[in-house]
Every structure is written in structure tokens, then in C-alpha cells.
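Here is what each chain is made of, one letter per residue.
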Amino acid sequence: MKVALFLTCVNDTMYPGTGRAMVRLLRRLGHEVEFPEAQTCCGQMHLNTGYRTQALHMVKGFAETFEPYDAVVTPSASCGAMIRDWHPRLAPRTAGVASRVYELSEFLVDVLGVTDVGAYFPHRVTYHPTCHSLRMLHVGDRPQRLLREVRGIDLVDLPDARECCGFGGTFALKNSEVSAAMCADKVTAVRETKAEVLCAADNSCLMHIGGALSRTRAPVRTVHLAEILASTEGDPS
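Residues numbered from 1 in each chain as written. Predicted model: local features only at pLDDT ≥ 70, side-chain atom pairs only at ≥ 80, totals over all residues. Heavy atoms only, no water.

The next point concerns the sheet that holds strand 6 (residues 154–156). Strand order in the open sheet formed by four strands is 6-5-7-8, and the pairing between neighbours is parallel. Looking at strand neighbours, the two that pair on one side only are strand 6 and strand 8 (221–224), the edges of this open sheet. Averaged over all pairs of adjacent strands, the angle between their axes in this sheet comes to 35°, without regard to strand direction. The pairing of strand 5 (residues 124–127) with strand 7 (residues 197–200) spans three bridges and is classified as parallel. Bridge pairing in strand 7 places Y127 opposite C199. (Pairing = 2+ DSSP bridges. Helix = DSSP H or I, 4+ residues; strand = E, 2+ residues; numbered from the N terminus. Axes fitted to C-alpha atoms, helices over the stretch in contact; angles between N-to-C directions.)

With 17 residues, helix 11 (residues 176–192) extends 24 Å from end C-alpha to end C-alpha; this agrees with the ideal 24 Å at 1.5 Å per step. For helix 11, the complete set of buried residues consists of S179, C183, K186, V187, A189 and V190. Relative to the axis of helix 11, the buried residues are bounded by an arc of 160° and lie together on one face. Exposed residues pointing more than 90 degrees away from the buried face of helix 11 are listed as E177, D185 and E192. (Expected span 1.5 Å × (residues − 1). Buried < 20%, exposed > 50% of the residue type's maximum accessible area, 1.4 Å probe, protein only. Arc of directions from axis to C-beta.)

Moving on to the UniProt feature "domain: Cysteine-rich" (unreviewed entry) in the chain. In this numbering, the UniProt entry assigns the feature "domain: Cysteine-rich" (unreviewed entry) to residues 3–84 and 125–209. From the first C-alpha to the last, residues 3–84 spans 17 Å; its make-up is 57% helix and 11% strand. (UniProt positions renumbered as here; feature names shortened; annotations may be inferred.)

On inspection of all chains with the given rule, the structure shows five aromatic pairs. Taking the centre distance of 6.3 Å and the plane angle of 55° together, the rings of F66 and Y69 count as tilted. For F66, a relative accessible area of 0% corresponds to the buried category. For the pair Y102 and F107, a centre-to-centre distance of 6.1 Å together with 50° between the ring planes defines the contact as tilted. A residue is classified by how much of its surface remains accessible, and F107, at 1% relative accessible area, is buried. One aromatic cluster is present, built from ring pairs that chain together F6, F62, F66 and Y69. Just above the ring of W86 sits the side chain of R89; from NZ or CZ to the centre is 4.4 Å. (Phe/Tyr/Trp six-rings, centres within 6.5 Å; stacked < 30°, edge-to-face > 60°. Lys NZ or Arg CZ within 6 Å of the ring centre and 35° of its normal.)

Time to look at the sheet that holds strand 2 (residues 33–34). The four strands are arranged 2-1-3-4 in an open sheet whose pairing can be described as parallel. Looking at which strands have only one partner, the edges of the open sheet turn out to be strand 2 and strand 4 (101–103). In terms of strand pairing, strand 3 (residues 71–74) meets strand 4 through three bridges, oriented parallel. Residue pairing in the sheet places V72 in a bridge with V101 of strand 4. Along the sheet, helix 2 (residues 16–28) makes contact with strand 1 (3–5), strand 2 and strand 3, crossing strand 1 at roughly 160°. Helix-sheet contacts for helix 7 (residues 104–111) involve strand 1, strand 3 and strand 4, and the interaxial angle to strand 4 is about 100°. (Contact = heavy atoms within 4.5 Å.)

This is the structure:
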């Protein structure tokens, strides 16, 4: 299988370690992953703010870049949902490529057929299921199934887990007060778990919640799902 990594803008500019973790993880499972340097933004931000024409250029560019690959894996459920749900609507010819795009947990569980990836992460962890992973990609409990197989982990349920954290990309800018209130509720829920680590499949949401956690001096760090799954005793996250 010829596999490509679609890293996304947020991860490329702010969380490159997540991409490196994905490569380590997939190589450990016996798969090589390529990083096409021609990749750009998926166009989600542009579409959400009304720049449909500009988004369309990115949609077509994405399809051209990733056409040669059997599977495209991304560490962002948000961008993955944009590609799978919106790219075919904007440019029907891109549907074939879009259908081969997988969020990391989908790829591991559905395509590779694994839940135990040989990870080791001896910490108390709670998982936040992001909105796009729940409501657009419908990843269900795949991330939790992967996390439960991690050796040493103490995985605890997050109260009101399905509630939005309030980020929503441009929503947080246009509706900052509502966004902050929603995030405050999420922080309260995270602190109730007594977790050391908050995990999610989107660094954008982790950035939003993590900022609020740091402002309240909560002893909780945010770690992307890929980094936990990539962690081993010999190469800890």
C-alpha cells in the first residue's frame, strides 16, 4: 500500500511533532509513509469564511497531489472531514481521492486492522472526542479502542465528552465570549477527571483547551493521539 501523510496547516506550523509521531508509528507497524511536499491547505478556513473560489483551487490541488496514493492519512479529524465531505461537493471529480483519506484512528483500525500498536504511556489520560470526528467522520470509539490497548495507561472517561470545546476555527474569533464559556466548561470537566493528560485527534482543539488549562494553572498537558500511540518504553513521548 502506498501511503501519504497529509499533515495540515496547524500541525505543519505549530505541531510538527505530531507528524513525526505518525511516521514513527506507521514505520513501527511495517508501513512506509511519504510526505508530498506539494501539499497545501485543505481549504476549510477559506470555505467557512465564504471564499469558495479560493477553496476550490485548493481542493483541486489536493486531488492532484494525492492522486498517486492508495491511502492518505491525517492527524486532523477536522481537515479529514473537510476533504471527505466537502471536496466532492465542490469538485465532483475529486471524490475518488477524497474517499481514500483517513483520520489516523480510522486508518489503524479499519484499514490496517489493528488496535494494539505496541504503545506504552504510563499516565492518567482522558480523551476529548472532537466535533468533526464525532459528527462528520463518525469515528465512534476507534480512538478509545486504540488507547485501551496502550500499556501502562490509566484511561478515564471525560464528563460530557461529546460537548464542543468552543474552538470551531473561525467560530472562536467571531464568537469569542461564547467560545470562552464553552471552553471553561470543558476545562472543568477535564479537571474533574484528575487526568495528567488530555488527548484528542485534533491539535486545534487541544490548543484551545490547553490555553485555558494553562491560564487556570491546571496540572494537565495536552497530547495528540498520534504521540501517545507512537510512545514506547524505548522511545517515550
